[in-house]
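# Per-entry structural report
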Amino acid sequence: MKVLNGMVSARSFIKKRLYLINRYVSPLKYRMLSTWINFVVHPTFRSLTMNYLFNKRSVLEKASRHAPLPRNLYFEGTNVCNADCVFCPYTQMERTKLTMPMKLFKDIVDQYVEMGGQAIGFTPIVGDPMVDKFLMDRLEYVDAIDQISNVGFYTNGIALKPEKAEQLVEFKNTTINMSVSFGGHDRATFQKMMGVDRFHLVQKHVLHLLDVLERNGHDRLIVKIDFRCPDSNSSDPFGRRVRECIEKGLVQMDSLEGNFDTFGGYVSQDDLDRVGLGLQMDYGYPKFGPCEIPFTKPLVLADGRLNACAERDLETTLVVGDLKRERLKDLLYGVRMREFVMQFYKPNSLPDICKKCTVYQSIYNVRAKVWKENLNWTPPAT
């Protein structure tokens, strides 16, 4: 265990030093240095690099054979949020705040189902699905479609009112995976992390949700509480209640242990340091080949455009078409999507958001989600 902890500390130290070096050297020199250091330190990155060097074409062809279905199609029901989290650039967003009309949503879902789609995500780039006034209507619509087997989303819990918790256990056909981002075990920490004074309200909403789950024993609603604060343990009544429900198998728990990404360059270590909680920036791996995100989670924006990425493209610069005028099947892995994917083989031609993004995951990583045969993938060609 001491050896493992030492390795983790060493990697964290190296990542932080690389970030500092990045401020003073050219992008080319930084990429070279970062690549060599990660190659020495990280076994996963070594295997990824070798896969890229010796299996470049075959891996890309294998990933492309899954087209035209992504692993999961995401919908931005709304890009409005009710928090100002230290790790999120929501308040920096300049694009118009919108909510997707139900008519447009239904039309795109119907196209998706006709293509064979099975899994949907409601987590936008920024925003909270629970703020979406149509969320329950959207869930009701997809729950009535036998083919949709899985729906997932994150929420900060602020708008997770008791009546919504009661509604969530009424859906019978579709499995709903809901993760609740929880900012801290006390009011001050929560406010620093989430940027709003809603600690007691979120506690109240989560406790009611736990009661609903215990009362109903609902196996189609899978709840995970993600602790965003460095310390995920607490001996207060709320913490004890959460652990009790975990032991009963009612909910799951996860923790980022205070580690966050740069959100495409919008969030810095200085931003994290301002809250004084010991939060750390994770700078990810150097980029080798296409990112898996266009294959796993493209995003339908609230205005009906299709964005190649559902992760960190705050101002949606990666749009590949407009679903109000074009068909979904013509955009998913169509010409514009393929051109975007191929840009990753020429790092200097990448969009700025991709150059700065640190949640990048190469398709040459054998552990990447792009190779998991669950959710939406079509069967591999034989």
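Residues numbered from 1 in each chain as written. Predicted model: local features only at pLDDT ≥ 70, side-chain atom pairs only at ≥ 80, totals over all residues. Heavy atoms only, no water.

Time to look at the packing of aromatic side chains. Each aromatic ring pair is summarised here by two numbers: the centre-to-centre distance and the angle between the ring planes. In the structure shown here, the tally under the stated rule is 17 aromatic pairs. An angle of 80° between the planes, with centres 5.6 Å apart, marks the rings of Phe45 and Phe288 as edge-to-face. Within this pair, whereas Phe45 is found in helix α3 (residues 43-54), its partner Phe288 is found in the loop between β8 (280-281) and α12 (293-296), the two being separated by 243 residues in sequence. Classification of Phe45 as buried rests on a relative accessible area of 0%. Ring centres 5.9 Å apart and planes at 35° place the aromatic pair Phe105 and Phe122 in the tilted group. Linking Phe105 in helix α5 (residues 102-115) with Phe122 in the loop between β2 (119-121) and α6 (135-143), this pair joins segments that are 17 residues apart in sequence. We note that Phe105, like Phe122, is buried. Linked through ring pairs, Phe45, Tyr52, Phe288, Tyr345 and Tyr364 together constitute an aromatic cluster. Taking NZ or CZ as reference, Arg138 lies 5.1 Å from the ring centre of Phe105, over its face. (Phe/Tyr/Trp six-rings, centres within 6.5 Å; stacked < 30°, edge-to-face > 60°. Helix = DSSP H or I, 4+ residues; strand = E, 2+ residues; numbered from the N terminus. Buried < 20%, exposed > 50% of the residue type's maximum accessible area, 1.4 Å probe, protein only. Lys NZ or Arg CZ within 6 Å of the ring centre and 35° of its normal.)

Let us now look at the environment of Asn216. Its place among the elements puts Asn216 in helix α9 (residues 199-216). Remark: the alpha-carbon pair of Asn216 and Glu170, spanning 46 residues in sequence, is separated by 9.6 Å. Only 2.7 Å separates the side chain of Asn216 from the backbone oxygen of Val212, close enough to count as a polar contact. (Polar contact = N/O pair within 3.5 Å; in protein donor to acceptor, adjacent residues only side chain to side chain.)

One full turn of an α-helix is made of 3.6 residues, so residues set three or four places apart face in the same direction. Looking at α6, one finds that the buried residues are Leu135, Met136, Arg138, Leu139, Val142 and Asp143. For α6, the buried positions fall inside an angular range of 160° around the axis, keeping them on one side. Of the surrounding elements, those touching the buried residues of α6 are α5, β2, β3 (150-155), α7 (162-168) and β4 (175-182). (Arc of directions from axis to C-beta. Contact = heavy atoms within 4.5 Å.)

A few words now on the pattern of salt bridges. Counted by the stated rule, this structure contains 18 salt bridges. With a shortest N-O distance of 2.8 Å, Glu76 and Arg95 are connected by a salt bridge. One end of the pair, Glu76, is in the loop between β1 (73-75) and α5; the other, Arg95, is in the loop between β1 and α5, and 19 residues separate them in sequence. On the accessibility criterion, Arg95 (15% relative accessible area) is buried. (Salt bridge = Lys/Arg side-chain N within 4 Å of Asp/Glu carboxyl O.)

Turning our attention to unusual backbone geometry. Of note, Thr316 is a non-glycine position whose phi angle comes to about 50°, a positive value. Its place among the elements puts Thr316 in the loop between β10 (305-307) and β11 (319-322). A relative accessible area of 6% places Thr316 in the buried class. The residue Tyr333 is not glycine, and still its phi comes out positive at about 60°. For Tyr333, the position within the fold is in the loop between α13 (328-331) and α14 (335-342).

The packing of two helices is summarised by the inter-axis angle and the distance between the axes. Two numbers describe how α9 lies on helix α10 (residues 237-247): the axes approach to 11 Å, and their chain directions differ by 30°. Looking at the two axes, α9 sits roughly parallel to α10. Judged by the sense of rotation from one axis to the other, the crossing of α9 with α10 is left-handed. Between α9 and α10, the contacting residues are Gln203, Val206, Leu207, Leu210, Asp211 and Glu214 on the first element and Phe238, Arg241, Val242, Glu244 and Cys245 on the second. Considered class by class, the residues forming the contact of α9 with α10 number six nonpolar, one polar and four charged. (Axes fitted to C-alpha atoms, helices over the stretch in contact; angles between N-to-C directions. Parallel < 35°, antiparallel > 145°, perpendicular 65-115°, else oblique. Left-handed = near helix turned anticlockwise from the far one by under 90°. Nonpolar A, V, L, I, M, F, W, Y, C, P; charged D, E, K, R; others polar.)

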